[in-house]
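Spelled out, the chains give:
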Amino acid sequence: MVKRPEILFLKQEEVIEAGLLDMKQAIEVAEYTYKLLGENKIIQPNKIFLGIPDEENWESYGMSMPAYIAGDDAVIGFKWAAESVYNASQPGMPLGIDIILLSDPKTMFPKVIMDGTLITAMRTSATAGVCAKYTARKDSKIAALVGAGVIGRTMITAMKETVPSLEEIRIVDLDLTKATALAEEFDGVCRVIPYDDVHKAVTDADLVVTETTSRVEFIKREWLKNNATVIQMEAHSFEKDVIRSADSIYLDSWEQMIHIPGHVFQQLYESDEVNGDDVMHIHDIATGRAKGRVSDDEFVFCGSYGMGCLDMTMANKLYHNAVEKNIGTLLYQWDSPLWV
């Protein structure tokens, strides 16, 4: 008899109940994923991006992010990552709408479908947390986080977790009311100060992290400390001189970045200013092949554009948590398959 495939469906509230908002767990999963990547236990094609009406002037987009993770708990799947400018103009509607599907790599039966919108926010900040853990100076006191959206919230938590020396976190947004509201959320937890002036916020910061939707570079090299760590979590934010002047560059995937239309690293690659020999990877830190920051005098650049494997491993962890806690709704792909 043909097996009737069970698919666990987890809505966003159930993903949260399964432990999504545990930043310490998210950072551990992210670092473990980078270790697997460095050990060649992950197969991950480049993202497939579909912008509407076109790649350069998109008003909405869908992006497929597939990955296979080998090992004792092998899993294959993908995240459908989508954004809509229209949504951002509507009260109560998120800019990003993400779904994650995981399958058993032997039978290819899907085992779970879950909301991935907040997983994106958590794994993005967890990635930045891994970068900061190994590349921020140990005496870092001030962090400037540019962007007070959903990821701004999780980024505060990630920096607080991985850079315990921080005494002040500046949250920056063109909309000061957003930055102020976010700072107030953390009142009594850590010192978060709202800014609407990027220049002022980053000038004396030891650590600068960007999590914006900007389509142009806007942070100048002369604004930054000579021994700062800067972490870019999108395609654009730091001007090219910031990258050109870095003593060390760590990326999640050089290959992926140079294939993303308009990405700052694609631009630098096509102008023959930066090539693969000039960069190291975050997975080199996780496997011990690279040390991260090697002196307090270095200016370090880290960049990530998101990888499906991180979504897969985090989703798989949450899937197991949900099964253990009996969370979610079982669905069935068929009762009896036709034409097998």
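Structure: above.
A quick note: this is a predicted structure, and the numbers were derived from the prediction, not measured.

Undergrad: Requested: an account of the sheet that holds strand β14 (residues 280-281), with residues and values cited.
TA: Pairing is parallel in the open sheet, where eight strands are placed in the order β10-β9-β8-β11-β12-β15-β13-β14. Two strands in the sheet have a free side with no partner beyond their single neighbour: β10 (192-195) and β14. Each of β11 (207-210), β12 (229-232), β13 (248-251) and β15 (300-303) is contacted by helix α4 (residues 117-135), which is oriented at about 165° to β12, the strand it contacts most.

Undergrad: How would you summarise the side chain of Q266 if you had to cite specific residues and measurements?
TA: Along the chain, Q266 turns up in helix α10 (residues 264-270). What Q266 contacts, discounting residues up to four positions off in sequence, is M257, I258, H259, I260 and P261.

Undergrad: Can you lay out the packing of aromatic side chains for me, pointing to particular residues and giving the numbers?
TA: In this structure the tally under the stated criterion is seven aromatic pairs. Centroid distance F109 to W334: 5.8 Å. Interplanar angle 80°. Geometry classified as edge-to-face. One end of the pair, F109, is in the loop between β6 (96-103) and β7 (110-115); the other, W334, is in the segment after β16 (329-332), and 225 residues separate them in sequence. Look at W334 and you get partly exposed, because its relative accessible area is 23%. Ring plane angle 80° and centroid distance 6.3 Å describe the contact between W254 and F265, whose orientation is recorded as edge-to-face. With W254 in helix α9 (residues 254-257) and F265 in helix α10, the pair connects residues that are eleven residues apart, well separated along the chain. A relative accessible area of 9% places W254 in the buried class. R221 extends its terminal NZ or CZ atom over the ring of F299, reaching a point 3.9 Å from the ring centre.

Undergrad: Outline the environment of M159, supporting the account with residue identities and numerical values.
TA: Of note, M159 is situated in helix α5 (residues 150-162). Linking M159 and V130, residues 29 residues apart in sequence, is a C-alpha distance of 9.3 Å. Ignoring sequence-local partners within four residues, the contact set of M159 consists of A128, G129, A132, L145, L166, L207 and V209.

Undergrad: How would you sum up the environment of D278? Please name residues and give values.
TA: On the secondary structure map, D278 appears in the loop between α10 and β14. Sequence separation between D278 and M155 is 123 residues; the distance between their C-alpha atoms is 27 Å. Residue contacts for D278: discarding those within four places in its chain leaves I249 and E273. Within the local environment of D278, its side chain forms a polar contact with the backbone nitrogen of N275, the two atoms lying 2.8 Å apart.

Undergrad: Please set out the pattern of salt bridges residue by residue, giving values where relevant.
TA: For the structure shown, the criterion picks out 19 salt bridges. Here D98 makes a salt bridge to K79, at a shortest N to O gap of 4.0 Å. Within this pair, whereas D98 is found in strand β6, its partner K79 is found in strand β5 (residues 75-84), the two being separated by 19 residues in sequence. Exposure class is identical for D98 and K79. Each is buried. Each of the salt bridges in this network shares a partner with another, and the network as a whole consists of K79, D98, R123 and D311.

Undergrad: Tell me what's going on with the nonpolar core, and back it up with residues and numbers.
TA: Ranked by size, the top nonpolar core spans 67 residues in total, and within it M114, I119, L145, M159, I171, V209 and I231 carry the most contacts. Aside from chain neighbours lying at most four places away, what touches V209 is A128, A144, L145, V146, M155, M159, I231 and M233. Membership of the second largest hydrophobic core comes to 31 residues, among which are V172, W223, V242 and M257.

Undergrad: Which residues make up the pairing of strand β9 (residues 168-172), and what are the values?
TA: Taken across its five residues, β9 has five buried, putting it largely inside the fold. Judged by which residues are buried, β9 turns out to be covered on both faces: E168, R170 and V172 on one side and I169 and I171 on the other are all buried. In this structure, strand β8 (residues 142-146) lies alongside β9, joined through five bridges in parallel fashion. Bridging from a neighbouring strand, A143 pairs with I169 of β9. Read from β8 through α5 to β9, the crossover connection turns out right-handed. Relative to β10, β9 runs parallel, the two being bridged by four bridges. Counterpart to V172 in the pairing with β10 is Y195.

Undergrad: Account for unusual backbone geometry, naming residues and giving values.
TA: Following I52, the chain continues to P53 via a peptide bond in cis, the omega torsion being 10°. Within the secondary structure, P53 sits in the loop between β3 (48-52) and β4 (60-69). Here the phi dihedral of M108 falls at roughly 65°; this positive angle occurs in a residue that is not glycine. Here M108 shows up in the loop between β6 and β7. Positioned with a positive phi, N326 is a non-glycine residue whose angle comes to about 60°. Mapped onto the secondary structure, N326 falls in the loop between α12 (308-325) and β16.

Rules used throughout
Residues numbered from 1 in each chain as written. Predicted model: local features only at pLDDT ≥ 70, side-chain atom pairs only at ≥ 80, totals over all residues. Heavy atoms only, no water. Pairing = 2+ DSSP bridges. Helix = DSSP H or I, 4+ residues; strand = E, 2+ residues; numbered from the N terminus. Contact = heavy atoms within 4.5 Å. Axes fitted to C-alpha atoms, helices over the stretch in contact; angles between N-to-C directions. Phe/Tyr/Trp six-rings, centres within 6.5 Å; stacked < 30°, edge-to-face > 60°. Buried < 20%, exposed > 50% of the residue type's maximum accessible area, 1.4 Å probe, protein only. Lys NZ or Arg CZ within 6 Å of the ring centre and 35° of its normal. Polar contact = N/O pair within 3.5 Å; in protein donor to acceptor, adjacent residues only side chain to side chain. Salt bridge = Lys/Arg side-chain N within 4 Å of Asp/Glu carboxyl O. Core = buried A, V, L, I, M, F, W, Y, C linked by side-chain atoms within 4.5 Å. Right-handed = clockwise from strand over helix to strand, strands pointing away.

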